[in-house]
Amino acid sequence: NAGVMQNPRHLVRRRGQEARLRCSPMKGHSHVYWYRQLPEEGLKFMVYLQKENIIDESGMPKERFSAEFPKEGPSILRIQQVVRGDSAAYFCASSLRGDRVSYEQYFGPGTRLTVT
Amino acid sequence: AQTVTQSQPEMSVQEAETVTLSCTYDTSESDYYLFWYKQPPSRQMILVIRQEAYKQQNATENRFSVNFQKAAKSFSLKISDSQLGDAAMYFCAYRSRAGDDYKLSFGAGTTVTVRA
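Residues numbered from 1 in each chain as written. Chains lettered and ligands numbered in written order. Predicted model: local features only at pLDDT ≥ 70, side-chain atom pairs only at ≥ 80, totals over all residues. Heavy atoms only, no water.

**Comments concerning the state of the cysteines**
All names here are of chain A.
- Under the counting rule described, the total for this entry stands at two disulfides over all chains.
- One disulfide in the model links C23 with C92; its S-S distance is 1.8 Å. Looking along the S-S bond of the C23-C92 disulfide, the torsion reads about -50 degrees, which is the left-handed sense. Taken together, the residues C23 in strand β3 (residues 19–24) and C92 in strand β9 (residues 88–95) connect sequence positions 69 residues apart. No difference in accessibility class separates C23 from C92, as the two residues are buried. (Disulfide = S-S within 2.5 Å. Helix = DSSP H or I, 4+ residues; strand = E, 2+ residues; numbered from the N terminus. Buried < 20%, exposed > 50% of the residue type's maximum accessible area, 1.4 Å probe, protein only.)

What follows is the structure, encoded as structure tokens:
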């Protein structure tokens, strides 16, 4: 059973370009979470999605960031007009369910975004 | 959002010895989960151990055990018989079990080095 997959593992963008990060959840998982890890810091929650729905985007910056999880295909985290402060590791996690029972969040290997 | 504090940026331990990592958290809830995650140099987030707040018994997983003090809001991790492969960043995390709050709140992490 393949784990959570993220690609690319490393992404370099110049300031002003767009970054698209992809996440394929574990087989059978329909809940996806995105977290961001700035250098020397812990992970910070960004957004929680189910198929075709954004459930909680309270951690997403108000501008330039968007996320989707379509009916078919991976979840996408999109960052428009990237700035140097967007340089970070972006982690995706998936879970079987998202209700009050603690279904574990399984993490992908992360995408390291570098903005030059 | 809940605050998770890890006051030890770095810890060093001799191989085969024991090291304890501290974690405190701030919450007004009575029902929640606490986790310790390991992040080796590969940056893959690996779940080490989980504690459910309603359980008084401390969780253990092989050489890893926790000391959960609910009243003090303290959740320390003990690594016994330390091995070179234990060298990593360790993150303490909190997750509510109430309502629709599914996100994990992480501490800033503790870097563990193991001396041969």
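**What to know about the interface of chain B and chain A**
- With 21 residues of chain B at the interface, the matching set in chain A holds 29 residues.
- Summed over both sides, the interface of chain B with chain A buries roughly 2000 Å², with 46% coming from carbon and sulfur.
- Considering only the surface of chain B that becomes buried against chain A, R43, Y102 and K103 of chain B emerge as the three largest contributors, covering 33% of it.
- The interface formed by chain B and chain A includes one salt bridge.
- Residue assignment for the side of chain B that touches chain A shows that the elements contributing at least two residues are β5 (32–39), β6 (46–52), β10 (88–96) and β11 (104–106) of chain B.
- Per-class residue counts for the side of chain B that touches chain A are 11 nonpolar, five polar and five charged. (Contact = heavy atoms within 4.5 Å. Buried area = accessible area lost by both parts, 1.4 Å probe. Salt bridge = Lys/Arg side-chain N within 4 Å of Asp/Glu carboxyl O. Nonpolar A, V, L, I, M, F, W, Y, C, P; charged D, E, K, R; others polar.)

**Concerning the sheet that holds strand β8 (residues 75–79) of chain A**
Residues and elements named next belong to chain A.
- Reading across the sheet, the four strands line up as β1-β3-β8-β7 and stay open at both edges, with antiparallel pairing between neighbours. A single partner strand is all that each edge strand has here, and the edge strands are β1 (5–7) and β7 (65–68). With direction set aside, neighbouring strand axes in the sheet form an average angle of 15 degrees.
- In the sheet, β7 pairs with β8 via four bridges, with the strands oriented antiparallel. Bridge pairing in β8 links S66 to R78. (Pairing = 2+ DSSP bridges. Axes fitted to C-alpha atoms, helices over the stretch in contact; angles between N-to-C directions.)

Keep in mind that these numbers describe shape and distance, not what the molecule does.
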